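Structure at a glance
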Amino acid sequence: MGGYRISRRSVLAAGLAGGALVSVGGAPALAGKPGGGGGGAAAGHPLPVPAPVAADGLTLTARRTAVDLGGGRTGSALTYNAGCPGPTIEVQSGSTPTITVTNGLDEPTTVHWHGLVVPTDVDGQPHEAFPAGTRRAYTLPVQQRASLNFYHPHPHLRTAAQVALGLQGALIVRDAEEAALGLPAGRFEVPLVIRDANIDKQGTLTYNGRASGFLGGVPLVNGVLNPYLRVDRAHYRFRVVNAANSRVFRLAFSDGRPMTLVGTDGGLLEHAVDLSEITLGNAERLDLVLDLRGLTAPVQLVDRDSGWTLLDLRPTQADVSQTAPVLGRQLSVVERLVGPAQPSRTFSFDGMTAINGVRYQMGATSFQVQRGQVERWRFVANGNPPHPVHIHGASFQLVGRTGGRGQLFPWEGGWKDTFLLLDKESVDILIRFDLVGRYLIHCHKLEHEDAGMMLDFEVVEGGSSPMVAGTADGAHGDHGDHG
Ligand SMILES: [Cu+2]
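Residues numbered from 1 in each chain as written. Predicted model: local features only at pLDDT ≥ 70, side-chain atom pairs only at ≥ 80, totals over all residues. Heavy atoms only, no water.

**Comments concerning the overall build of the protein**
Selection criterion: Numbering of helices and strands runs from the N terminus, with a helix taken as a DSSP run of H or I at least four residues long and a strand as a DSSP run of E at least two residues long. Throughout this description, buried means an accessible area under 20% of the type-specific maximum (1.4 Å probe, protein chains only), exposed means over 50%, and partly exposed covers the range between. Contacts are assigned to residue pairs with any non-hydrogen atoms lying within 4.5 Å of each other. All accessibility values rest on the Shrake-Rupley procedure with a 1.4 Å probe; residue burial counts only the protein chains present in the view.
A count of helices and strands for the protein gives 3 helices and 34 strands. Counting over 483 residues, the protein shows a buried share of 59%. Of the contacts made within the protein by residues no fewer than 6 positions apart, 78% connect residues no fewer than 24 positions apart. For the protein, the exposed area adds up to about 16,800 Å²; of that, 52% sits on carbon and sulfur atoms.

**Re the coordination of the copper ion**
Each donor-metal-donor angle in an ideal tetrahedron of four donors is 109.5 degrees, and each such angle in an ideal octahedron of six donors is either 90 or 180 degrees. Basically, it comes down to this: Donor selection uses N, O and S atoms within 2.8 Å of the metal (3.2 Å for Na, K and Ca). Since no water is included, sites may look incomplete.
Listed as protein donors to the copper ion are H387 (ND1), C443 (SG) and H448 (ND1); their distances from the metal cover 2.0 to 2.1 Å. Here the donor residues of the copper ion share one chain and are spaced in sequence as H-x55-C-x4-H. Taken together, the residues H387 in strand β29 (residues 387-391) and C443 in strand β33 (residues 437-443) connect sequence positions 56 residues apart. One exposure class covers both H387 and C443, and it is buried.

**Some thoughts on the nonpolar core**
Quick note on the threshold: Throughout this description, the term nonpolar core refers to a set of buried Ala, Val, Leu, Ile, Met, Phe, Trp, Tyr and Cys residues connected via side-chain atoms within 4.5 Å.
Ranked by internal contacts, the top residues of the largest apolar core, which has 36 residues, are L192, F238 and L313. In contact with L313, not counting residues within four places along its chain, are L229, V231, F238, F253, L290, L292, L295, P298 and V299.

**A short note on the layout of surface pockets**
For clarity, the threshold we go by: Here a cavity denotes grid points, spaced 1 Å and computed from the protein atoms alone, that fit a 1.4 Å probe unable to get out, and a pocket denotes an open set having protein on both sides within 12 Å along at least 5 of 7 lines; residues with an atom within 4 Å of a point are the lining. Grid points are joined across faces, edges and corners, and a volume is the space filled by probe spheres set on the points.
The space that makes up the largest pocket amounts to roughly 470 Å³. Lining the largest pocket are 24 residues, and of these V117, Q143, Q144, S395 and D434 sit closest to its centre.

**Details of the pattern of salt bridges**
Selection rule: For this analysis, a salt bridge means a side-chain nitrogen from Lys or Arg found within 4 Å of a carboxyl oxygen belonging to Asp or Glu.
Tallied over the full model, the rule gives 35 salt bridges. Linking E178 and R239 is a salt bridge whose minimum nitrogen-to-oxygen distance equals 3.9 Å. Here R239 lies in strand β17 (residues 235-242) and E178 lies in helix α2 (residues 176-179), a separation of 61 residues in the sequence. On the basis of relative accessible area, E178 is assigned to the buried category, the value being 6%.

**Remarks on the sheet that holds strand β8 (residues 98-103)**
Worth spelling out the cut-off: Should DSSP find at least two bridges between two strands, the strands are regarded as paired. Only the stretch in contact is used when fitting a helix axis, every axis being a line fitted to C-alpha atoms; angles between N-to-C directions are given from 0 to 180 degrees.
On the basis of which strands lie adjacent, the open sheet formed by 4 strands has the order β6-β5-β8-β10 and mixed pairing. Both outer strands of the open sheet, β6 (74-80) and β10 (135-139), are each paired with one neighbouring strand and no more. Averaged over all neighbouring strand pairs, the angle between strand axes comes to 30 degrees, with direction disregarded. Of the strand pairs in this sheet, β8 and β10 are connected by 5 bridges, and their pairing is antiparallel. Within the sheet, the bridge partner assigned to T100 lies in β10 and is A137.

**Structural notes on the side chain of R345**
Where we set the bar: By the criterion applied in these results, polar contacts are pairs of N or O atoms within 3.5 Å in which, for protein atoms, one can donate a hydrogen and the other can accept it, and in which residues neighboring in sequence qualify only through two side-chain atoms.
The topology assignment puts R345 in strand β25 (residues 345-350). There is a polar contact of 2.8 Å between the side chain of R345 and the side chain of E375.

**Things to note about the packing of aromatic side chains**
Rule in force here: Ring pairs are drawn from Phe, Tyr and Trp, using the six-membered ring of Trp, whenever the two centres fall within 6.5 Å, and their geometry is named by plane angle: stacked under 30 degrees, edge-to-face over 60, tilted for the rest. Two thresholds decide whether a charge sits over a ring: the Lys NZ or Arg CZ must be within 6 Å of the ring centre and within 35 degrees of the ring normal.
According to the stated counting rule, one finds 18 aromatic pairs in the structure shown. Between F409 and W411, the ring centres sit 4.9 Å apart and the planes meet at 10 degrees, which makes this aromatic pair stacked. Across the pair, W411 and F409 agree in class, each one buried. Positioned above the aromatic ring of Y138, the side-chain terminus of R136 is 4.9 Å from the ring centre.

**Section: unusual backbone geometry**
Omega for the peptide link from C84 to P85 comes to 5 degrees, which places this bond in the cis form. With respect to the helices and strands, P85 occurs in the loop between β6 and β7 (89-92). Here P385 and P386 are connected by a cis peptide whose omega angle stands at 0 degrees. Considering the arrangement of structural elements, one finds P386 in the loop between β28 (374-382) and β29. At A82, a residue that is not glycine, the phi angle is positive and equals roughly 70 degrees.

**Structural notes on the sheet that holds strand β27 (residues 365-370)**
Taken in spatial order, the 5 strands make up an open sheet running β27-β34-β33-β29-β31, and their pairing is mixed. Each end of this open sheet is capped by a strand with a single partner; those strands are β27 and β31 (418-421). Taken pair by pair, the neighbouring strands of this sheet meet at an average axis angle of 25 degrees, ignoring direction. Pairing analysis gives 6 bridges linking β33 to strand β34 (residues 454-460), with the strands arranged antiparallel.

**A look at the environment of P46**
For P46, the location among the structural elements is in strand β3 (residues 45-46). What makes P46 exposed here is its relative accessible area of 52%. Separated by 265 residues in sequence, P46 and L311 have C-alpha atoms that sit 9.8 Å apart. Contacts of P46, omitting those with residues within four sequence positions, involve V224 and Y228.

**Concerning the side chain of H442**
Relative to the helices and strands, H442 is located in strand β33. H442 gets classed as buried once you look at its relative accessible area, which sits at 0%. Here the side chain of H442 touches H154 through a polar contact of 3.1 Å, side chain to side chain.

**Digging into the confidence of the model for the protein**
Let me state the cut-off plainly: As a per-residue quantity, pLDDT reports the predictor's confidence and falls between 0 and 100.
Mean pLDDT over the protein works out to 89, with 88% of the residues at or above the 70 mark. Scored below 50 in pLDDT, residues 469-483 shows 31 contacts in the model against residues more than four places distant or in partner chains.

Spelled out as structure tokens, the structure:
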């Protein structure tokens, strides 16, 4: 994992009162090098910000189309509705939209609505892949809080390639609580789908995955190289998803300015927290508010690990009439899960291919968990980290990390569905499933997932069972004391 560095500078815990600037990265980085190879400070390509589309009645067509990734050539990519990323989908909490996916690829696919807690049969799981030339309707009962989610393919053995070749998109859930906050909206709310990519001479996305994880040579934000965004003197809300197959980003602004974190995977935090740097693992999401009222010169969103400039913000110097969001008060009430002090299950992410020594086998159920019961689960890494751990079927809360970085970070607060597990780390979560059915735990480094670092489990009414395959719970030695 070249260049991945971890700040050991202490940070404030999540959930504290807003307003404090947390320094986690030391001195501000210099402006990064242009990400996409070409163009000076004034060059680049306007950041595409597609208008959100309503979920209900939407048809998503997955197929290869011509795209201009901003490199001056028109190549091709796998796209949803001719976009990579596909349209930003918007859905109101409490509604039950139907989205039809047409498979115009030349192989099976399926769509997983990452972050939505929905019934098994519409979760887009590997065994639900549908063939080329067919379509599948997904009726999605959306009962959860406002949040930024992420849709992408999930067919077994093909997920990594399909995602890397372009299939992904943002999905925003809205609710009344969030609307009442008056966060920046309309053109001041900007989804940022950030990934890395390889692009050939024709301008076509290519994929050469390695078992250890695909690392592309250039960054793409909303599907273009070297993007810039003209910004007024205003507050902006950036909805960020790490859509890369395996690259972890260490996000910061070139001038070290604070980013106000208001939400994570599963929606709003209780309190905003100002951060100068955020480590974002694969499929994790951020809800950021930026005060750009004083911006007089361009500033860049950078990845401090690669040195890439991800997005150039260029001030228009225009003042706009906008009610500034009030972020110093409590933003939301986040239910705190209460559960056992000791884990009932331990999951060892082993090497590049297995969990608890077992490779994914479609149809094999590794254990059962009781619906409605809060369980404490422990995750440990046994080689080849980082492993972005993702669980389908529920959101969860991180409660402790020992070893490795030895702490939880503000961007791991609130409700999560994915977190980053590094070498020598042991992370405990509390989780409760409210829906019965079959769900998945897997590494969201997509090459690890395809190689078998994934397992099925079942949520049932009444009763539970331990792991029926692989190593026994707690068989991975002493993980230290958790709080
Ligand atoms: Cu992994």
